[in-house]
Amino acid sequence: MSKENEMKLEFDSRSCNEGFARVAVAAFLTQLNPTLEEVADVKTALSEAVTNAIIHGYEGRVEKIVIRCRICGQKIEIEVMDQGAGIPDVKQAMEPLFTTREDCERAGMGFSFMEAFMDTLEVTSAPGEGTRVKMTKYIGRSRGEQEG
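Reading the values: rules and limits
Residues numbered from 1 in each chain as written. Predicted model: local features only at pLDDT ≥ 70, side-chain atom pairs only at ≥ 80, totals over all residues. Heavy atoms only, no water. Helix = DSSP H or I, 4+ residues; strand = E, 2+ residues; numbered from the N terminus. Buried < 20%, exposed > 50% of the residue type's maximum accessible area, 1.4 Å probe, protein only. Contact = heavy atoms within 4.5 Å. Salt bridge = Lys/Arg side-chain N within 4 Å of Asp/Glu carboxyl O.

**Considerations on the overall build of the protein chain**
- Within the protein chain, the regular secondary structure consists of five helices and five strands.
- The buried share among the 148 residues of the protein chain stands at 45%.
- Looking at the protein chain alone, contacts between residues at least 24 apart form 64% of all its contacts between residues at least 6 apart.

The following block contains the structure:
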């Protein structure tokens, strides 16, 4: 019997809601019986995506961030979406240490962390239209097993 389940979460783009998003997604993930390391990986990647939406997408304005999670078998798919500023050059933005905000701590590492902690990462964006970050992680299997 295959496991399939979905959830959608919408919240204000306030930095205090980043922790709420982490806990909500981690709670949803528990149905796959993840290891503590797998939970930490997902929470870290999610935190980076939400923080990017708050800092870069909305640039301090309070708007909405939407997270969609889908479980299919032993895989979780997570989408983090904003309707903010968008990214003019996604490829450049995904390069390690590239940032438009030198004043921020750990600037330029968000996408690198997402790639390191998740099995896949897709970023689609258009200036003035917002950004969608889609990440997947296989729970209970190594990356090599899921690709083989």
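There is more to say, and it comes next.
**Section: unusual backbone geometry**
- A positive phi angle, close to 55 degrees, is found at Asn 33, a residue other than glycine.
- Along the polypeptide, Asn 33 turns up in the loop between α1 (17-29) and α2 (36-57).
- By relative accessible area, Asn 33 is classed as exposed at 68%.
- Even without a glycine there, the phi angle at Glu 59 is positive, about 50 degrees.
- Here Glu 59 shows up in the loop between α2 and β2 (64-72).

**Topic: the pattern of salt bridges**
- One pass over the full model with this rule turns up 11 salt bridges.
- Ionic pairing is found between Arg 132 and Glu 79, a salt bridge with its closest N-O pair at 2.8 Å. One end of the pair, Arg 132, is in strand β5 (residues 130-138); the other, Glu 79, is in strand β3 (residues 75-82), with 53 residues separating them in the sequence.
- The class of Arg 132 is partly exposed, set by a relative accessible area of 23%.
- Where Glu 122 meets Arg 132, a salt bridge forms, and the shortest distance between an N and an O atom there is 3.9 Å. Note that Glu 122 is positioned in strand β4 (residues 120-126) and Arg 132 in strand β5, a separation of 10 residues in sequence.

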